[in-house]
Amino acid sequence: MHCPPSECAFQPGDQAYAFGHKIKLRAEPNTTSAVLEELKIGEWVKILEKTPFSWPYKGFDSPFYKVNYNGMTGYILGGLLSVERKTVAGQHYFFTYSQEGETTFLNIRTVVHRSYMEKKVPLRNPHFTINTLGSKGVPNLDGILYVDYQANASNLDDGGIYLFLNHFNLCDAVAISQVMDQGSSNYLSERLIFPDDTDGIPNKVLYKMEKGENLDLATEWRQTSMESRILTWADGTLSPNIREKRRIP
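Residues numbered from 1 in each chain as written. Predicted model: local features only at pLDDT ≥ 70, side-chain atom pairs only at ≥ 80, totals over all residues. Heavy atoms only, no water.

**A short note on the packing of aromatic side chains**
Logical step 1: Counted by the stated rule, this structure contains 9 aromatic pairs.
Logical step 2: Measuring from centroid to centroid gives 6.3 Å for F164 and F194, while their planes differ by 50°, and the two rings are tilted. Of this pair, F164 sits in strand 14 (residues 160–166) while F194 sits in the loop between strand 17 (186–193) and strand 18 (205–216); the two residues are 30 residues apart in sequence, bridging distant segments of the chain. Side by side, F164 and F194 carry an identical accessibility label, which is buried.
Logical step 3: Centre to centre, the rings of F164 and W233 are 5.4 Å apart; their planes meet at 20°, and the pair counts as stacked. Taken together, the positions of F164 in strand 14 and W233 in strand 19 (residues 221–234) put the pair 69 residues apart, joining distant regions of the chain. The residues F164 and W233 share a single accessibility class, namely buried. (Phe/Tyr/Trp six-rings, centres within 6.5 Å; stacked < 30°, edge-to-face > 60°. Helix = DSSP H or I, 4+ residues; strand = E, 2+ residues; numbered from the N terminus. Buried < 20%, exposed > 50% of the residue type's maximum accessible area, 1.4 Å probe, protein only.)

Put into structure tokens, the structure is as follows:
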């Protein structure tokens, strides 16, 4: 499970990948010491140890890490390292956190033609795992990354974010929620059903939502409302937008 730099850290022996482009491997754990080497996005280092102090970077306090890179030992700011690398259809994707005000973002990069493209997605829950799903039967799609929220006592959203990948592009991001309000017994459950799933529709994506209130758990008495929509993937977009409600004349 991944969590923000203020809560989680790389461990000695971990292999971490450069998220930044031309990030600096320094002789000492600061931003003014000699530069030993510059790493391209996707190059990897072996974590040796973490510094006991932190440095502000993109909204978080990030430690420096002592690392080994191609036989050299130096220091890299943790915020410049990807929390994970995922591969879909032979293309590598890298991830890191940023924060602006009260909003935490997941930043995603992939390398294309010696440069990179990036997508920044707001997170409703900063604790998650990242899964690769393949195309799931969706036509003209290289694959799907699913950011799977891990609910805990401080954040009850157990949904996630689907990122649709096409020709190395970071296309549509569709967020879904799985929330149980323990105080009032209200709940919200959203999901996407793909063509390869049970009850899937060929060449389409089915969105289903259920929300309601549990009135008596012992007898499974509940009041619910349900909604479903058939979505189409075309030209890098999944439409219609599930957050846009149709106006009835």
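**Some details on the pairing of strand 19**
Logical step 1: As paired elements, strand 18 and strand 19 share 11 bridges and run antiparallel to each other. Its bridge partner lying in strand 19, L206 is registered against I230.
Logical step 2: Where strand 18 hands over to strand 19, the hairpin turn is made up of 4 residues, of which E220 adopts a positive phi near 55°.
Logical step 3: Pairing of strand 19 with strand 20 (residues 237–239) involves 3 bridges; the strand directions are antiparallel. Within the sheet, the bridge partner assigned to A234 lies in strand 20 and is T237.
Logical step 4: Linking strand 19 back to strand 20 in an antiparallel pair, the connection comprises 2 residues, with D235 at a positive phi of about 55°. (Pairing = 2+ DSSP bridges.)

**Here's the deal with the sheet that holds strand 12 (residues 128–134)**
Logical step 1: Spatially, 12-13-14-15 is the arrangement adopted by the 4 strands of the open sheet, whose pairing is antiparallel. Looking at the sheet topology across the chains shown, the edges are occupied by strand 12 and strand 15 (169–176). Pairwise comparison of adjacent strand axes, ignoring direction, gives a mean angle of 20° for this sheet.
Logical step 2: Looking at chain direction, strand 14 and strand 15 are connected through 6 bridges and run antiparallel. (Axes fitted to C-alpha atoms, helices over the stretch in contact; angles between N-to-C directions.)

**Topic: the state of the cysteines**
Logical step 1: In the structure shown here, the tally under the stated rule is 1 disulfide.
Logical step 2: Through a disulfide, C3 is tied to C8; the S-S separation comes to 1.3 Å. Every disulfide takes its handedness from the sign of the S-S torsion; for C3 and C8 that torsion is 50°, giving right-handed.
Logical step 3: Overall, the relative accessible area of 8% leaves C3 in the buried class.
Logical step 4: Classification of C8 by relative accessible area gives partly exposed; the value is 30%. (Disulfide = S-S within 2.5 Å.)

**Section: unusual backbone geometry**
Logical step 1: A cis amide bond links S239 with the next residue in sequence, P240, at an omega value of 0°.
Logical step 2: Residue position: P240 is located in the segment after strand 20.
Logical step 3: Of note, K136 is a non-glycine position whose phi angle comes to about 55°, a positive value.
Logical step 4: Tracing the sequence through the fold places K136 in the loop between strand 12 and strand 13 (143–149).
Logical step 5: Positive phi outside glycine occurs at N140, with the angle close to 60°.

**Here's the deal with the environment of K46**
Logical step 1: Structurally, K46 can be placed in strand 4 (residues 44–57).
Logical step 2: For K46, a relative accessible area of 41% translates into the label partly exposed.
Logical step 3: Note: C-alpha distance between K46 and N30 (16 residues apart in sequence) is 19 Å.
Logical step 4: Excluding its chain neighbours within four sequence positions, the residues that come into contact with K46 are G13, D14, K66, V67 and N68. (Contact = heavy atoms within 4.5 Å.)

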